[in-house]
Structure formats: C-alpha cells, structure tokens
Amino acid sequence: MYELTIHPEIEEDLREIDHSLRIQVFKKLKQIQQSPQLGLPLGNKYNMDLTGFRKVYVAKKKVRIVYEILGDILSIYVIAIGKRDDMEVYKKAVSRL
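Residues numbered from 1 in each chain as written. Predicted model: local features only at pLDDT ≥ 70, side-chain atom pairs only at ≥ 80, totals over all residues. Heavy atoms only, no water.

Here we come to the overall build of the chain. Of regular secondary structure, the chain possesses three helices and seven strands. Starting at the N terminus and walking to the C terminus, you meet the elements of the chain as β-α-α-β-β-β-β-β-β-α. Its C-alpha atoms give the chain a radius of gyration of 12 Å, near enough to 13 Å, the size a compact globule of 97 residues would have. Dimensions of the chain, computed from the C-alpha atoms along their principal axes, are close to 35 × 30 × 25 Å. Every one of the 97 residues in the chain was classed for burial, and the buried ones make up 41%. Looking at the chain as shown, the accessible area adds up to about 5,900 Å², and 50% of this sits on carbon and sulfur atoms. Charged side chains in the chain number 17 positive and 13 negative. The centres of these two groups are separated by 9 Å. (Helix = DSSP H or I, 4+ residues; strand = E, 2+ residues; numbered from the N terminus. Rg over C-alpha atoms; globule rule 2.2 N^0.38 Å. Buried < 20%, exposed > 50% of the residue type's maximum accessible area, 1.4 Å probe, protein only. Areas by Shrake-Rupley, 256 points an atom, 1.4 Å probe, with all protein chains shown as cover. Lys, Arg positive; Asp, Glu negative; His and termini not counted. Charge placed at Lys NZ, Arg CZ, Asp CG, Glu CD.)

Following this line, the structure appears as structure tokens:
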C-alpha cells in the first residue's frame, strides 16, 4: 500500500464539500492508496500545466481528486480536492505547486 501525503490546504477543500461527498472522497483515497494508477493522467490544459499528476472522479464526476505518484518512496501526494466548476480544482492544484 502506498503512503498518502496531503497538501496542507486539503482540509479547507474538504470543508467546502458536504459530508456525504466527504465520505465518498475518503473511500476513493483508500482506493488510490491500493491502486495509484486508478486516476487518469493530466497534462497541460487551459494554461495550467499538471503534467505528471492524475485525477480521479468522485460522486459521478461531482468532485475530483488531483494527485501525484511519487514512485521512489511509494507515496501519493494529494494536492487538491474539489469541483470542476470553472476549472476550480485544477486552479487550486496549479496554485499549490
């Protein structure tokens, strides 16, 4: 199982979504720990370069988790959790790089 490391602002991301979605996010994080390749690769879109990062959907695409697999130490670094509305989650992710 991979170690899960989260960005310091993830707690704030989680406060922005309702409780039932939060539960689904935690379940998805557990799945990512077991199978990090689960997410789809991100690239450079809309002037936001997230090459090397992956995204995974939660709750029928209502929420996305953006993370990076750090292979040398078997670690997953979660940098953003949020909704796609106006590319919000990806903007957060880029600002945290």
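Let us look at the sheet that holds strand S2 (residues 40–41). Backbone hydrogen bonds are what pair the strands of a sheet, in a parallel or an antiparallel way. If you walk across this open sheet you meet the five strands as S1-S7-S6-S5-S2, and the pairing is mixed. Each edge of the open sheet carries a strand with a single partner, namely strand S1 (3–6) and S2. Across the sheet, helix H3 (residues 88–95) touches strand S5 (53–58), strand S6 (63–70) and strand S7 (75–82), and the angle it forms with S7 is around 130°. (Pairing = 2+ DSSP bridges. Contact = heavy atoms within 4.5 Å. Axes fitted to C-alpha atoms, helices over the stretch in contact; angles between N-to-C directions.)

So, on to the packing of aromatic side chains. Applying the stated criterion to the full structure yields zero aromatic pairs. Taking NZ or CZ as reference, Lys-61 lies 4.8 Å from the ring centre of Tyr-57, over its face. (Phe/Tyr/Trp six-rings, centres within 6.5 Å; stacked < 30°, edge-to-face > 60°. Lys NZ or Arg CZ within 6 Å of the ring centre and 35° of its normal.)

What follows covers the layout of surface pockets. Here the largest pocket is characterised by a volume of approximately 170 Å³. If you trace the largest pocket, you find it lined by Pro-41, Leu-42, Gly-43, Lys-45, Tyr-46, Met-48, Leu-50, Lys-55, Arg-84, Met-87 and Tyr-90. Split by residue class, the lining of the largest pocket holds seven nonpolar, one polar and three charged. (1 Å grid on protein atoms, 1.4 Å probe; cavity = no way out; pocket = protein on both sides within 12 Å on 5 of 7 lines; lining within 4 Å. Points joined across faces, edges and corners; volume = space filled by probe spheres on them. Nonpolar A, V, L, I, M, F, W, Y, C, P; charged D, E, K, R; others polar.)

Our next topic: the side chain of Gln-33. Considering the arrangement of structural elements, one finds Gln-33 in helix H2 (residues 19–34). On the basis of relative accessible area, Gln-33 is assigned to the buried category, the value being 14%. Not counting residues within four places of it along the chain, the set of residues in contact with Gln-33 comprises Met-1, Tyr-2, Glu-3, Leu-4 and Ile-76.

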